[in-house]
Amino acid sequence: MELFAACLEALNEADPARKCALAQSLYAAWGEGRVEIDEAAPVRPIAEPGRPDKPMLVLPLEVPRRKITSAIGRAALLHAISHIEFNAINLALDAAYRFRNLPREFYGDWLRVASEEALHFSLLAEHLQSLGQVYGDFPAHNGLWEMAVKTAHDALVRMALVPRVLEARGLDATPAIVGKFRSVKDARAVEILAIIERDEIGHVAIGSRWYLYLCRQRGLEPLATFRNLLKEYDAPPLKPPFNIAGRKAGGFSEEELAWLESQGMR
């Protein structure tokens, strides 16, 4: 099995269950030493990864907001999280596919992330189905993949703005989301979110690891570079409350955390 060809196959797969299976089998093959790397393989631009016909994609502000106290509201929130995890599979596969001439550990890390995101999606899709809905039943937005396209030219920019911004924002949001599901006594959703939070801390840590690696390689100061990239790429705003413990476990330095908290007080 060749790494980049296998990543591209999984990226192009439109069926969610098949995409999950491909991501998980690729990581298993990697762990068994059955994956080769062909650095001469061309990098193809990917405007859109494989995705099912639904959900319908709309602008972020056009995604309907529903109260979790209703059955449809609970399903809609689960669907929104499912959509994030589906996109996260593609983002992880794309990181392993797109960026070349990096240590072998880089590719193993991102294949692991893709496999774990596939597990998250599968768990959420199964729970959503128990509520009488399926992935695709609600509209969603494409903001996560749009950031992948914006950062496709540079691994350092990708590591800064996807795991260390988008996934870290997920860590920040998780406690409040868990509280919502607890309020409606959805114990299964709370269990799944605990798995997701545990794994996402690891994903942010992987992003931090390779961000710092690339900063050292290029002689860049990490915090100043991070702040500049947030402005240059018009990244989503950093809003409190911050999950300080989760971000610290995810590789954010004390200096970065102090800066983040100072932003929240403005």
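These numbers come from a predicted model, not from an experiment.

Here is what the cut-offs are and how they apply
Residues numbered from 1 in each chain as written. Predicted model: local features only at pLDDT ≥ 70, side-chain atom pairs only at ≥ 80, totals over all residues. Heavy atoms only, no water. Phe/Tyr/Trp six-rings, centres within 6.5 Å; stacked < 30°, edge-to-face > 60°. Helix = DSSP H or I, 4+ residues; strand = E, 2+ residues; numbered from the N terminus. Buried < 20%, exposed > 50% of the residue type's maximum accessible area, 1.4 Å probe, protein only.

Caption draft 1: Fine view of the packing of aromatic side chains. Throughout the structure, instances matching the rule amount to 11 aromatic pairs. Centroid distance F4 to Y97: 6.5 Å. Interplanar angle 80°. Geometry classified as edge-to-face. With F4 in helix α1 (residues 3-12) and Y97 in helix α3 (residues 71-98), this pair connects stretches of sequence that are 93 residues apart. Both residues of the pair, F4 and Y97, belong to the buried class. With 6.5 Å between their ring centres and 55° between their planes, F106 and W110 make a pair best called tilted. Placement of both F106 and W110 in helix α4 (residues 104-130) is noted, with a separation of 4 residues, approximately one turn of the helix.

Caption draft 2: Structural context of unusual backbone geometry. Residue P55 is bonded to the preceding K54 through a cis peptide linkage, with omega at 15°. Position of P55 relative to the elements: it lies in the loop between α2 (16-31) and α3. With omega at 5°, the peptide bond leading from P240 into P241 counts as cis. Along the chain, the position of P241 falls in the loop between α8 (222-232) and α9 (244-249). A positive phi angle is found at N101, which is not glycine, with a value near 60°. The residue N101 is located in the loop between α3 and α4 in this model. Of note in the backbone geometry, D234 takes a positive phi value of approximately 50° without being a glycine. The topology assignment puts D234 in the loop between α8 and α9.

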